[in-house]
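Geometric and topological summary
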Amino acid sequence: MRLEYFQLIDRIIDLNLNDLTIRVEANVPAESTIFEGHFPGRPLMPGVLLVEAMAQASGWLIIGRTGFQKMPFLAALKEVKLRTFVTPGQSLEVTAKILHEGSGFALTEAEIRADGKKVCNAEITFRVVDFPDGDFRANMNDVARRIAFPLESVPHG
Amino acid sequence: MPSTFETVANIISETCDIPRDTITAESHAIDDLGIDSLDFLDIAFAIDKAFGIKLPLEQWTQVVNDGKATTEQYFVLKNLCARIDDLVAAKAK
């Protein structure tokens, strides 16, 4: 993770476009300027960034389902539960499953586990739209390579 | 078995916390009931699930944006229900 750059996914472990699931690795850094303020003397991974990690994992799953043709944008959150603290240096596993693929939107359920224990979960709604422009898509391609997105498993990747 | 309109009206009422008795077949989901696009995603999800279809929202939006149809043709509830019935019938073929 590079929290300051919203790079919350380190590696895609498994992307299953038949089961509509994804599993990713996300390692909380030992140090970050974010921890200087959140909180002084007691650094904690901000809950909103845990939500963002679940959204990003879900997002890559949706991108995979669209054959890298569409971009999901976070639209709504339901049933968000932040169950326990996450601290610097912890290794997280984020999983997500698509609950519904609508026309121009998608719903997922996602969760994060640390040492096998669930630390948070949520139901997430995305608007799914065309990539805003070629540069945006090229950037997403770069990110995909960095996090080992299995482009070979995507029909039109 | 409830009618398509009854099902849709109940979905709208429960999803958007709109009193059921204010929702009529002539209601425009956007102009009369004040449903915004984000709330409509929840409604679309519930309709998709209830009827086993996929409302073609992207196509409808494109048609309206192109000036080839009005929002009334899709979002007045009696018209929305007619389109749902068409989608259900098409799926059954």
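Described in the following lines is the structure provided in the data block. Just so we're clear, the structure is a prediction, and the values are computed from it rather than from any experiment. (Residues numbered from 1 in each chain as written. Chains lettered and ligands numbered in written order. Predicted model: local features only at pLDDT ≥ 70, side-chain atom pairs only at ≥ 80, totals over all residues. Heavy atoms only, no water.)

**Re the overall build of chain A**
- Assigned secondary structure in chain A consists of 3 helices and 6 strands.
- The order of α-helices and β-strands along chain A, N terminus first, is β-β-α-α-β-β-β-β-α.
- The globule rule puts the C-alpha radius of gyration for 157 residues at 15 Å, and the 15 Å found for chain A is close to it.
- With the C-alpha coordinates of chain A rotated into their principal frame, the extents come out at 45 × 30 × 25 Å.
- When each of the 157 residues of chain A is scored for burial, the buried share is 46%.
- Within chain A, counting contacts between residues at least 6 apart in sequence, those at least 24 apart form 69% of the total.
- Here chain A displays about 7600 Å² of accessible surface, and carbon together with sulfur accounts for 49% of that area.
- Distance from the positive charge centre (17 side chains) to the negative charge centre (20 side chains) of chain A: 5 Å. (Helix = DSSP H or I, 4+ residues; strand = E, 2+ residues; numbered from the N terminus. Rg over C-alpha atoms; globule rule 2.2 N^0.38 Å. Buried < 20%, exposed > 50% of the residue type's maximum accessible area, 1.4 Å probe, protein only. Contact = heavy atoms within 4.5 Å. Areas by Shrake-Rupley, 256 points an atom, 1.4 Å probe, with all protein chains shown as cover. Lys, Arg positive; Asp, Glu negative; His and termini not counted. Charge placed at Lys NZ, Arg CZ, Asp CG, Glu CD.)

**Details of the overall build of chain B**
- Counting secondary structure elements, chain B contains 5 helices and 0 strands.
- Seen in sequence order, chain B has helices and strands lined up from the N terminus as α-α-α-α-α.
- On C-alpha atoms alone, chain B measures out to a radius of gyration of 13 Å, which is about the 12 Å that the 2.2 N^0.38 rule sets for 93 residues.
- Projected onto its principal axes, the C-alpha coordinates of chain B cover approximately 35 × 30 × 20 Å.
- The burial tally for chain B puts 41% of its 93 residues in the buried class.

**Things to note about helix α2 (residues 47-65) of chain A**
Residues and elements named next belong to chain A.
- For α2, with 19 residues, the first-to-last C-alpha span of 27 Å sits near the 27 Å given by 1.5 Å per residue.
- When you tally the buried positions in α2, you get 16 out of 19 residues, the bulk of the element.
- Note on α2: the residue one or two positions beyond its end, Gly 67, has a positive phi of about 70°. (Expected span 1.5 Å × (residues − 1).)

**Points about the interface of chain B and chain A**
- Residue-level contacts link 12 residues of chain B with 14 residues of chain A.
- Summing the contributions of chain B and of chain A, the shared interface buries around 1100 Å²; its carbon and sulfur component is 58%.
- Taken as a group, Leu 41, Phe 45 and Glu 58 of chain B account for 47% of the area that chain B buries against chain A, more than any other trio of residues on that side.
- In this structure, Lys 78 of chain A and Asp 42 of chain B form a salt bridge, with 3.0 Å as the shortest nitrogen-oxygen distance.
- Taken together, the connections running from chain B to chain A amount to 7 residue pairs in polar contact (both at pLDDT 80 or more). (Buried area = accessible area lost by both parts, 1.4 Å probe. Salt bridge = Lys/Arg side-chain N within 4 Å of Asp/Glu carboxyl O. Polar contact = N/O pair within 3.5 Å; in protein donor to acceptor, adjacent residues only side chain to side chain.)

**Brief notes about helix α1 (residues 4-16) of chain B**
All names here are of chain B.
- Here α1 is 13 residues long and its end C-alpha atoms lie 18 Å apart, about the 18 Å a rise of 1.5 Å per residue gives.
- Burial in α1 covers these residues: Thr 4, Phe 5, Thr 7, Val 8, Ala 9, Ile 11, Ile 12, Ser 13 and Cys 16.
- In this structure, the buried residues of α1 make contact with α2 (37-51) and α5 (77-92).
- Taken from the residues just after α1, Asp 17 is the one with a positive phi, measuring 55°.

**What to know about the environment of Ala 96 of chain A**
All names here are of chain A.
- Its place among the elements puts Ala 96 in strand β4 (residues 91-101).
- For Ala 96, a relative accessible area of 4% puts it in the buried group.
- Put simply, Ala 96 and Glu 109 are 13 residues apart on the chain and 5.6 Å apart in space, counted from C-alpha to C-alpha.
- In this view, Ala 96 contacts Leu 20, Thr 21, Ile 22, Ala 57, Ser 58, Leu 61, Glu 109 and Ala 110; residues no more than four positions away in its chain are not counted.

**Looking at unusual backbone geometry**
All names here are of chain A.
- A cis amide bond links His 38 to the next residue, Phe 39, at an omega of 5°.
- Looking at the element boundaries, Phe 39 is found in the loop between α1 (33-37) and α2.
- Non-glycine residue Phe 6 carries a positive phi angle of around 55°.
- Assignment of secondary structure puts Phe 6 in the segment before β1 (11-16).
- Backbone geometry places Asp 115, a non-glycine residue, at a positive phi of 55°.
- Under the relative-accessibility criterion, Asp 115 is labelled exposed at 78%.

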